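In case you want the letters, here they are:
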Amino acid sequence: MIDLRSDTVTHPTPAMRRAMATAEVGDDVYGEDPTVRRLEARAAERLGKQAAIFVPTGTMGNQVAIHLQARPGSEVILEARAHIFNFEMGAMAVWSGALPRPITTSDGFMTPEQVSAAISPPISYRTPTSLLCLENTHNLWSGLPMDAARTEALATVARSRGLAVHLDGARIFNAAAALGTPAATLAAPCDTVMFCLSKGLAAPIGSLLAGPSDLIREARRVRKLFGGGMRQVGVLAAAGLVALDEMVDRLDEDHRRARRLAQGLAELPGVEVDPARVWTNILVFQLRSQSGEASPAARLAAGLRDRGILCIAFSDHELRMVTHVEIDDPAIEATLAAAGEVLEEIYQ
Ligand code: TLP
């Protein structure tokens, strides 16, 4: 099976399994798990923040950050295709009483002018704005990386108007690799940053939320509130340490393969994709409308599944393929050959 649905499907590596088997553990709710402590310190250092906290999922990391930085009844500004807005089950409304204020963009990048215009003026009868959330890389915008200058420009506007800034950096190391910029530099303009170990870095579980020490201390209370206080979780943190040490430097390989996939798909009938707009490991592409075919995307996904290849149809015309450590060059070529067969049928 060639599984291009997501980089979340990756399995722990043999080195992770070994580290998990021998991990030193303790009760992390009492702050007594030495392996978790080491992972949190290492993550804070990599992200250039004072402290970090281990959480089970990226969603929980984002939502803890929102709970700490968005007041109930206030608005959170984010890009309209942001994961926090589209895939986190309305959690900011459920857990924090906050409202999303989505900004529609043509390329995935909010501009400082758009953010400024979306912030409420300090008038007693206007819904206040408390937080700006950014996403790097931007999943639904085909893994778009955002450079430090753009991040800084947006954060400066937000800060000047009293907002906090949170970065959903689920794949910040992919952004860092693509831009040739340290992750800490990309995270520097933001108060808090979340990143995932469980995606391209191939750990089985886990994300970290990093930020100022006092906020991360409070995050321990909120994590418990959300049911995320874990016990001898050093068995998982051990895999996370291996992920940070061994899996970051190879991400360029995934990016190269995603670009090759885009180049091959661009030559097939019906496909609309610009390989120059594939920067990291996520490829989101469109299929042209075809009379008589309500959902060419579903048909391509089904045809690929029949040939042992998995991807996700996001809508009738949009699909996503994600490269990762378990996708090698022959898997890319096999995917292109299979997609060619199915697309010939659809667009004959
Ligand atoms: N993304 C998943 C799906 O939920 C779409 C994927 O397969 O890409 N931020 C971003 C940018 C993400 O892409 C994801 C997961 C999360 C947060 C949430 O992480 P988890 O799944 O650990 O809660």
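Here the structure is a predicted model, which is why all the values come from computation and not from measurement. (Residues numbered from 1 in each chain as written. Predicted model: local features only at pLDDT ≥ 70, side-chain atom pairs only at ≥ 80, totals over all residues. Heavy atoms only, no water.)

Q: Quick rundown of the packing of helix α12 (residues 251-266) against helix α14 (residues 329-346)? Include the residues and the values.
A: Interhelical geometry of α12 versus α14 gives an angle of 20° and a closest axis separation of 10 Å. Between α12 and α14, the interaxial angle falls into the category roughly parallel. Crossing angle aside, the handedness with which α12 passes α14 is right-handed. On α14, the residues that touch R256, R257, R260, L261, G264 and L265 of α12 are D329, I332, E333, T335, L336 and A339. (Axes fitted to C-alpha atoms, helices over the stretch in contact; angles between N-to-C directions. Helix = DSSP H or I, 4+ residues; strand = E, 2+ residues; numbered from the N terminus. Parallel < 35°, antiparallel > 145°, perpendicular 65-115°, else oblique. Left-handed = near helix turned anticlockwise from the far one by under 90°. Contact = heavy atoms within 4.5 Å.)

Q: Residue-level account of the packing of aromatic side chains, with values.
A: Considering all chains together, one arrives at three aromatic pairs under this definition. Taking the centre distance of 6.3 Å and the plane angle of 50° together, the rings of F87 and F314 count as tilted. Taken together, the residues span a long stretch of sequence, with F87 in the loop between α4 (83-86) and α5 (91-96) and F314 in the loop between β12 (312-313) and β13 (318-322) at a distance of 227 residues. By relative accessible area, F314 is classed as partly exposed at 27%. Pairing F173 with F195 gives two aromatic rings, centres 5.3 Å apart and planes at 90°, and the pair type is edge-to-face. Separated by 22 residues along the polypeptide, F173 in helix α8 (residues 172-179) and F195 in strand β7 (residues 192-196) bring together distant segments of the chain. Lying across the ring of W141, R81 places its NZ or CZ 5.4 Å from the centre. (Phe/Tyr/Trp six-rings, centres within 6.5 Å; stacked < 30°, edge-to-face > 60°. Buried < 20%, exposed > 50% of the residue type's maximum accessible area, 1.4 Å probe, protein only. Lys NZ or Arg CZ within 6 Å of the ring centre and 35° of its normal.)

Remember, this is a structural readout, not a statement about activity or role.
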